[in-house]
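# Tertiary structure, described
Here's the letter readout for the chains.
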Amino acid sequence: MDQAAILDHQFRIAAYVVTWTIQLGYVAWLAMKWRAQKREAERLGIDRPKTLR
Amino acid sequence: MKKIAISLYVAVTIALLIWGYYQAIYVAPNDAMQGEIFRIIYYHVPSAIVAFFFFAVSLIGSIGYLAFKRSSPGRAQIADAWALAGAEVGVVFCTVVLITGPIWGRRAWGIWWTWDARLTTTLVLWLIYMSYLLLRRFAAGSQMQTLAAVLGIFGALDVPIVYMSNRWWRTQHPAPVFGGAQGSGMAPSMLHPFLWNMLAWFAWGVLILGIRYAVERHQQKIAAAEALAALEA
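Since the model is a prediction, treat every value here as computed from it, not as a measurement.

Thresholds, definitions, all that
- Residues numbered from 1 in each chain as written.
- Chains lettered and ligands numbered in written order.
- Predicted model: local features only at pLDDT ≥ 70, side-chain atom pairs only at ≥ 80, totals over all residues.
- Helix = DSSP H or I, 4+ residues; strand = E, 2+ residues; numbered from the N terminus.
- Buried ≥ 20, exposed ≤ 12 C-beta atoms within 10 Å, placed from the backbone.
- Contact = placed C-beta atoms within 7 Å.
- Nonpolar A, V, L, I, M, F, W, Y, C, P; charged D, E, K, R; others polar.
- Core = buried A, V, L, I, M, F, W, Y, C linked by C-beta atoms within 7 Å.

A separate point is the overall build of chain B. Assigned secondary structure in chain B consists of 7 helices and 0 strands. For chain B, the succession of helices and strands along the chain, N to C, is α-α-α-α-α-α-α. A principal-axis box enclosing the C-alpha atoms of chain B has dimensions of 70 × 45 × 30 Å. Sorting the 233 residues of chain B into buried and exposed places 40% on the buried side.

This is the structure in structure tokens:
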């Protein structure tokens with residue numbers, strides 16, 4: 001592999017890693033929000049909304 | 001039954017993402033001019049198309065909120081939850097576009113960024129929806145949802161401008177691959193991996209949109225319960 005091909009490979013990997021980091025980071029943030037809501041709902045004594053059943 | 005359907009959808013989406021990755025890396029050939037760096041298109045372009053779709057969801061939700069706000073508050077809250085979910089998931093995909101684009105540009109053009117029409121209008125779109133999310137996060141009061149809905153509608157006006165930008169103005173960004181001038185398009189060996197990735201990212205986007213919507217509806221219910229508790233106290 002020449003130098004340009006190695007750089008192309010690294011940049012392609014960087015783009016894919018960034019994509020997955022953003023997407024999975026967002027899902028992790030949603031999961032944390034969901035858990036915090038669950039605790040809050042339990043504290044207030046309310047059920048999950050109909051859409052979640 | 002619903003749980004089984006959701007689990008099945010999640011499994012199909014993960015399978016599609018794995019299949020899309022396989023297609024992008026092992027099936028699609030290297031571009032004759034660009035080499036391997038071309039493969040960024042399999043994540044970059046589907047992310048842009050999916051972002052546009054979710055901004056459209058946000059637009060419909062915002063219009064729905066304004067339409068139902070007086071006549072049917074329950075429906076207005078549902079529309080508002082879709083508007084927020086669409087905007088937030090749209091911003092996630094738009095962020096991917098704005099980062100993967102410059103990574104490609106650094107190798108293809110030798111620069112990370114240029115104030116070209118497509119790049120600039122996309123950045124403006126991202127900034128509008130970031131301000132929408134910040135408004136929703138930090139503004140308080142009964143008018144917040146109305147202001148957000150109006151901003152959501154104005155923000156969506158930028159979507160067709162972004163789409164048309166490299167048709168109206170000939171700038172540094174590559175000409176449209178699909179629906180462009182005569183001779184535009186993709187070789188079938190590249191088109192099939194592209195379509196698989198398009199389907200995979202769309203399925204993934206719908207999944208996280210559904211989760212975000214459910215979280216927002218739950219938040220609305222908590223807010224209503226807290227308001228009721230405050231009144232009773």
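Quick look at the interface of chain B and chain A now. Listed per partner, the contact involves 28 residues of chain B and 27 residues of chain A. If you list the elements that add at least two residues to the side of chain B that touches chain A, you get helix 3 (73-108) and helix 7 (188-232) of chain B. Here the side of chain B that touches chain A takes 13 residues from helix 7 of chain B, the largest share from any one element. Considered class by class, the residues forming the side of chain B that touches chain A number 15 nonpolar, 5 polar and 8 charged.

Attention now moves to the nonpolar core. Ranked by internal contacts, the top residues of the largest apolar core, which has 42 residues, are B:A51, B:F54, B:W82, B:F93, B:C94 and B:Y129. Taken together, the elements giving at least two residues each to this core come down to helix 2 (41-68), helix 3, helix 4 (117-138), helix 5 (144-156), helix 6 (158-168) and helix 7 of chain B. At 16 residues, helix 3 of chain B tops the list of elements feeding residues into this core. Dropping the residues within four chain positions of it, B:W82 is found in contact with B:V57, B:G61 and B:Y213. Listed in part, the 14 residues of the second largest apolar core include A:F11, B:I37, B:Y42 and B:Y43.

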